[in-house]
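Per-entry structural report
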Amino acid sequence: MQKIRSGTLAALLLGSIFTPSLSLAAPADSDAIRDAALKDDVAWNFTEGLTTEVGPRPAGTPQEARARDWAVAKLKALGFSNVRAEPYTMPVWLRGRDEARILSPFPQNLVLAALGNSGSTSDKGIEGDIVYFPSIDALEAAPAASLKGKIAFVDHGMRATQDGSSYGYYGAARRQGPSIASKKGAIAILIRSIGTDHHRVPHTGVQMWADGATPIPAAALSVPDAEQLVRIVKRGQPVKVHLTLTSRMLRDQPSGNVIAEIPGSDPAAGVVVAACHLDSWDQGTGAIDDATGCGIAAASALQVAKAGQPRRTIRVLMAGAEEVGGDGARAYFKAHGAEPHALAMESDFGADRVWRVDFKLPQGHDDLAKRIAVALAPLGVATGRQEAGGGADIAPLVKAGVPVIDLQQDGTRYFDLHHTPDDTLDKVDLEQLRQNVAAWAVTLNLAANASESMSAN
């Protein structure tokens, strides 16, 4: 938890948010918007339609292109203005065969999935002895060239947290592990999936090769398979594995963002961005990551529009290629970064209930934060102690100083499903999804109509 300096917005909120004066109470229309949003069907219908009619949407593929076409048509039908796709190109990694088998001492198959940007074996695969590391720290501490000709195995077990905070540390095994293993001479790396479930489904995800690292085959074992491999390793005999991971890279493939707007009455007041990402990994249908996020952003913007034209334009950004490094966010900032942005928000952590709100607003906007917190309180949303940071789809905007509000979702079960074949529509809870829409709608309404400048200047 970040240390709070006395006199900061967070401290002011903690001291007063649950005993607001009448002058800080939420406007009457917040109650109406919240109540209507708790009956919303738009977010569910959007999620159901995208996951059913398009399904998996890997970045830079024809499936992602179909998702853009689908989203443009859907957003137009819902009544948004200025709906369009904004194209760009990017390199694309494509999965091939993902197979592994223990050859000795106890022959058996392993269930795994290649990580994004993994190097490729030949069709015949490779063989090597396993070198076991209990953590990413142990891998980092291994002597240089100590893994020459070997297959590294990192057993780096993640634990569930409500705020998803363990993902940063444990996710390093996926994000940096392959580069570290490559530089130490490994011919491949296996990691325990960065997930909190015990189902025999692996968690994929992207990793980026560090400068000087030669790409090697890299894959995540399902948690039960990783635990099985640990037990075998601990028998004390050499463990030999046959690994086949075929993949390929394509250059300059088409991707793009989808934009839709609720026009505001005062163009000079700036734009409020409600962001999500349209792409997904290939194993599931991308329901919680991130079809629900796009459904929440669209549905909440429409709830605001139903109450009347907002002062500020609400721009829904359905970014492309988030899963593989945030290409869509960078493309959006390149195209629109010079425009006045009053606020950015992002939904990309599933659709379980919003439980906390965090702010990063300019000085002098304490009353706006209090008004939002008051409107969120009936939904069971508390005010956090941390400064809002946004997510990948708005990262360039936040880095440029655009104010941000985070509506933090309950992530207790998120990493049971994240990047797995289990990321499917049946995992979405309708009532919790509606609570998300309600939290987003009252927040967008107050921010888009705020009389404050929403500017640090």
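In this text, all values refer to a predicted model and were calculated from it rather than measured experimentally. (Residues numbered from 1 in each chain as written. Predicted model: local features only at pLDDT ≥ 70, side-chain atom pairs only at ≥ 80, totals over all residues. Heavy atoms only, no water.)

**Comments concerning the overall build of the protein**
- Helix and strand counts for the protein stand at 15 helices and 14 strands.
- For a compact globule of 457 residues, the expected C-alpha radius of gyration is about 23 Å, and the protein comes in at 23 Å, within 12% of that figure.
- For the C-alpha atoms alone, the extent of the protein along its principal axes is close to 70 × 45 × 40 Å.
- Looking at the protein as a whole, 58% of its 457 residues qualify as buried.
- Carbon and sulfur atoms form 52% of the exposed surface of the protein, whose accessible area is close to 17900 Å².
- Distance between charge centroids for the protein: 5 Å, based on 45 positive and 51 negative side chains. (Helix = DSSP H or I, 4+ residues; strand = E, 2+ residues; numbered from the N terminus. Rg over C-alpha atoms; globule rule 2.2 N^0.38 Å. Buried < 20%, exposed > 50% of the residue type's maximum accessible area, 1.4 Å probe, protein only. Areas by Shrake-Rupley, 256 points an atom, 1.4 Å probe, with all protein chains shown as cover. Lys, Arg positive; Asp, Glu negative; His and termini not counted. Charge placed at Lys NZ, Arg CZ, Asp CG, Glu CD.)

**So, the nonpolar core**
- Within the largest apolar cluster, 91 residues are counted, with the highest numbers of intra-cluster contacts made by Leu75, Phe80, Leu139, Ile189, Met318 and Leu376.
- Not counting residues up to four positions away in its chain, the partners in contact with Leu376 are Val357, Val381, Leu407, Ala439, Val442 and Thr443.
- Core analysis: the second largest hydrophobic core is formed by 23 residues, Ala100, Ala188, Val206 and Val241 among them. (Core = buried A, V, L, I, M, F, W, Y, C linked by side-chain atoms within 4.5 Å. Contact = heavy atoms within 4.5 Å.)

**Points about the packing of helix 10 (residues 287–306) against helix 15 (residues 430–448)**
- Orientation of helix 10 relative to helix 15, taken along the N-to-C sense of each, is 50°, at an axis distance of 8 Å. Between helix 10 and helix 15, the interaxial angle falls into the category oblique. Crossing of helix 10 against helix 15: the hand is right-handed. Each of Thr292, Ile296, Ala299, Ser300, Ala301, Gln303 and Val304 in helix 10 lies in contact with helix 15, whose residues at this interface are Leu433, Asn436, Val437, Trp440, Ala441, Leu444 and Asn445.
- By residue class, the composition of the contact of helix 10 with helix 15 is nine nonpolar, five polar and no charged. (Axes fitted to C-alpha atoms, helices over the stretch in contact; angles between N-to-C directions. Parallel < 35°, antiparallel > 145°, perpendicular 65-115°, else oblique. Left-handed = near helix turned anticlockwise from the far one by under 90°. Nonpolar A, V, L, I, M, F, W, Y, C, P; charged D, E, K, R; others polar.)

**Notes on helix 3 (residues 42–53)**
- Under the 1.5 Å per step criterion, the end-to-end length of helix 3 is 16 Å for twelve residues, consistent within 8% with the ideal 16 Å.
- What helix 3 keeps buried is the set Val42, Ala43, Phe46, Thr47, Gly49, Leu50 and Thr51.
- Buried residues along helix 3 sit against helix 4 (62–78), helix 10, strand 10 (313–319) and helix 15.
- Backbone geometry just downstream of helix 3 places Gly55 in the positive-phi region, at approximately 80°. (Expected span 1.5 Å × (residues − 1).)

**A few points about the packing of aromatic side chains**
- Inspection of every chain in the model, using the stated rule, returns seven aromatic pairs.
- Taken together, a centroid distance of 5.1 Å and an interplanar angle of 85° make the contact between Phe46 and Trp70 edge-to-face. Separated by 24 residues along the polypeptide, Phe46 in helix 3 and Trp70 in helix 4 bring together distant segments of the chain. In terms of burial, Phe46 and Trp70 fall into one category: buried.
- Centre to centre, the rings of Phe349 and Tyr414 are 4.5 Å apart; their planes meet at 55°, and the pair counts as tilted. With Phe349 in the loop between strand 11 (341–346) and strand 12 (354–360) and Tyr414 in helix 14 (residues 414–417), this residue pair connects regions lying 65 residues apart in the sequence.
- Among the residues examined, Tyr414 registers a relative accessible area of 6% and is labelled buried.
- Put simply, the rings of Tyr167, Phe349, Tyr414 and Phe415 touch in pairs and so form one group of aromatic residues.
- Between the NZ or CZ atom of Arg175 and the centre of the ring of Tyr167, over which it lies, the distance is 5.5 Å. (Phe/Tyr/Trp six-rings, centres within 6.5 Å; stacked < 30°, edge-to-face > 60°. Lys NZ or Arg CZ within 6 Å of the ring centre and 35° of its normal.)

**Quick word on the confidence of the model for the protein**
- With 93% of its residues at a pLDDT of 70 or more, the protein shows a mean pLDDT of 93.
- Note on residues 1–25: pLDDT is under 50 here. Beyond four places in sequence and across chains, it has 33 contacts. (pLDDT = per-residue confidence, 0-100.)

**Regarding the pattern of salt bridges**
- Taken as a whole and judged by the stated rule, the model has 23 salt bridges.
- Linking Asp282 and Arg95 is a salt bridge whose minimum nitrogen-to-oxygen distance equals 2.6 Å. One end of the pair, Asp282, is in the loop between strand 9 (271–277) and helix 10; the other, Arg95, is in strand 1 (residues 81–104), with 187 residues separating them in the sequence.
- For Arg95, a relative accessible area of 22% puts it in the partly exposed group.
- Of the charged contacts, one joins Arg97 and Glu99 as a salt bridge, the two residues approaching to 3.0 Å between their closest N and O atoms.
- Classification of Arg97 by relative accessible area gives partly exposed; the value is 35%.
- What emerges from the salt-bridge pattern is a single network uniting Arg84, Glu86, Glu261, Arg315 and Glu339. (Salt bridge = Lys/Arg side-chain N within 4 Å of Asp/Glu carboxyl O.)

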